[in-house]
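# Coordinate inspection notes
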Amino acid sequence: NYKSPDQSQVKEHVYLVGKGVTFDTGGINVKSGEGMRGMSRDKLGACTVAGFVLAAASMQSTKANITAILSWERNSVGPDSLLPDEVLVSRAGVRVTVVNTDAEGRMVMTDPLAEVKERIVDARKKGDNTPAVVYTVATLTGHVIIAYGGYGATVANGPARNNRLDKHLSEAGMKYGENFENSVLRRDDYSLIASCSEVEDIYQSNTRPSSVTPRGHVYPAAIMIRASGLDKHDSSAKPEDRISYMHLDIAGNAEELGSSGLALPKITGAPIAAFVGAHLV
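Residues numbered from 1 in each chain as written. Predicted model: local features only at pLDDT ≥ 70, side-chain atom pairs only at ≥ 80, totals over all residues. Heavy atoms only, no water.

### Quick look at helix H7 (residues 219–228)
Which entries qualify depends on this criterion: Burial here depends on accessible area, computed with a 1.4 Å probe over protein chains only, as a share of the maximum for the residue type. Under 20% is buried, over 50% is exposed, and the range in between is partly exposed. Working definition: helices are DSSP H or I runs of at least four residues, strands are E runs of at least two. Numbering for both runs from the N terminus.
Across the ten residues of H7, nine count as buried, placing the element largely inside the fold. Taken residue by residue, H7 has Tyr219, Pro220, Ala221, Ala222, Ile223, Met224, Ile225, Ala227 and Ser228 as its buried positions. Trailing H7 by a residue or two, Gly229 shows a phi angle of about 85°, which is positive.

In structure tokens, the structure reads:
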């Protein structure tokens with residue numbers, strides 16, 4: 001956590017959940033061929049969130065209080081591995097059927113996202129009406145690289161988009177050399193994960209890789225919103241109950257395709273500079 005040294009100057013609360021998969025084998029749906037190479041970088045969401053907190057402490061910024069949750073795990077194969085068809089109940093009480101164990105990032109971040117939601121609700125009940133914004137940050141999909149190349153993407157819920165927070169972040173990123181594209185969450189993304197049975201409330205993914213799924217980098221945000229209970233705090237809620245949330249897919253910031261077609265690592269701290277520009281200066 002980072003608290004402003006002068007609480008009278010605080011203009012917003014910033015909550016962040018970072019995906020920290022220290023190595024991603026794909027789990028039981030194991031990555032094949034060259035797909036596992038470089039998966040030690042699947043922790044960069046958590047790493048950059050930690051970097052942002054360190055930057056705030058170094059700057060002693062007075063503009064924001066920051067709460068960060070780093071979701072560490074290793075997605076390996078073993079006797080306790082998750083299996084497709086297992087149904088998990090999220091912290092928010094939502095039943096989620098596992099479809100593909102290689103879609104682990106959204107699962108890792110969902111319960112911390114629900115916890116952040118609870119913290120905001122509790123703070124508001126205690127009279128703290130300071131504006132709040134919530135982020136998930138992750139090297140989540142191959143689709144975002146296909147869609148935008150080496151640039152990250154923001155996926156904002158209704159309250160965040162109505163407040164132009166996605167535009168604000170992309171403008172800050174452009175100023176500080178970390179460009180972000182703005183993707184729009186739509187009803188189609190919720191329809192893709194809707195249950196077809198009485199077993200679950202939503203599906204954790206579809207059966208195809210994100211890279212060949214239309215809107216493959218957008219619909220995971222819908223999963224996290226539904227499974228965390230943030231859908232109860234979208235634009236249809238009372239104004240005082242709305243929570244601004246944005247998902248940042250930074251897979252494109254973490255790697256690029258070399259001439260051989262292999263994914264090559266990039267030296268980047270994105271989105272630290274964009275966060276600093278949007279919230280601390």
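### Quick word on the sheet that holds strand S4 (residues 95–97)
To keep it simple, the criterion reads: When DSSP locates at least two bridges between a pair of strands, those strands are taken to pair.
With mixed pairing, three strands are arranged side by side in an open sheet as S3-S4-S8. Either end of the sheet is taken by a strand with one partner, and the two such strands are strand S3 (87–89) and strand S8 (202–203). As defined by bridge partners, S3 adjoins S4 across three bridges and the pair is classed as antiparallel. From the neighbouring strand, Val87 faces S4, where its bridge partner is Thr97.

### Comments concerning the sheet that holds strand S5 (residues 132–138)
As a reminder of what qualifies: Axis angles are defined between N-to-C directions and span 0 to 180 degrees, where every axis is a line fitted to C-alpha atoms and, for a helix, only to the segment in contact.
As summarised here, the arrangement of the six strands in space is S2-S1-S5-S9-S6-S7, forming an open sheet in which the pairing is mixed. Edge positions in the sheet fall to strand S2 (64–75) and strand S7 (180–184), since each has one partner strand and no second. Sheet twist, expressed as the mean angle between neighbouring strand axes with direction ignored, is 20°. Bridge count between S5 and strand S9 (residues 244–249): six bridges; the pairing is parallel. Within the sheet, the bridge partner assigned to Val133 lies in S9 and is Ser244.

### Concerning the packing of aromatic side chains
For the record, the criterion: Two rings from Phe, Tyr or Trp (for Trp, the six-membered ring) form a pair when their centres are within 6.5 Å of each other. A pair whose planes differ by under 30 degrees is stacked, one over 60 is edge-to-face, and the rest are tilted.
Throughout the structure, instances matching the rule amount to two aromatic pairs. Ring centres of Phe52 and Phe275 lie 5.2 Å apart, and the angle between their planes is 45°; on these two criteria the pair is classed as tilted. Linking Phe52 in helix H1 (residues 44–59) with Phe275 in helix H9 (residues 272–279), this pair joins segments that are 223 residues apart in sequence. Comparing Phe52 with Phe275 shows no difference in burial state: the two are buried. Grouping aromatic residues by their ring pairs yields a cluster made of Phe52, Tyr135 and Phe275.

### Notes on the pairing of strand S1 (residues 12–24)
To keep things clear, this is the line we draw: A clockwise course of the path from the first strand over the helix to the second, judged with the strands pointing away from the viewer, identifies a crossover as right-handed.
Across the 13 residues of S1, eleven count as buried, placing the element largely inside the fold. Taken together, S1, H1 and S2 form a β-α-β motif whose crossover is right-handed. By the bridge criterion, six bridges tie S1 to S5 in an arrangement that is parallel. When the sheet's bridge partners are listed, Leu16 is paired in S5 with Tyr135.

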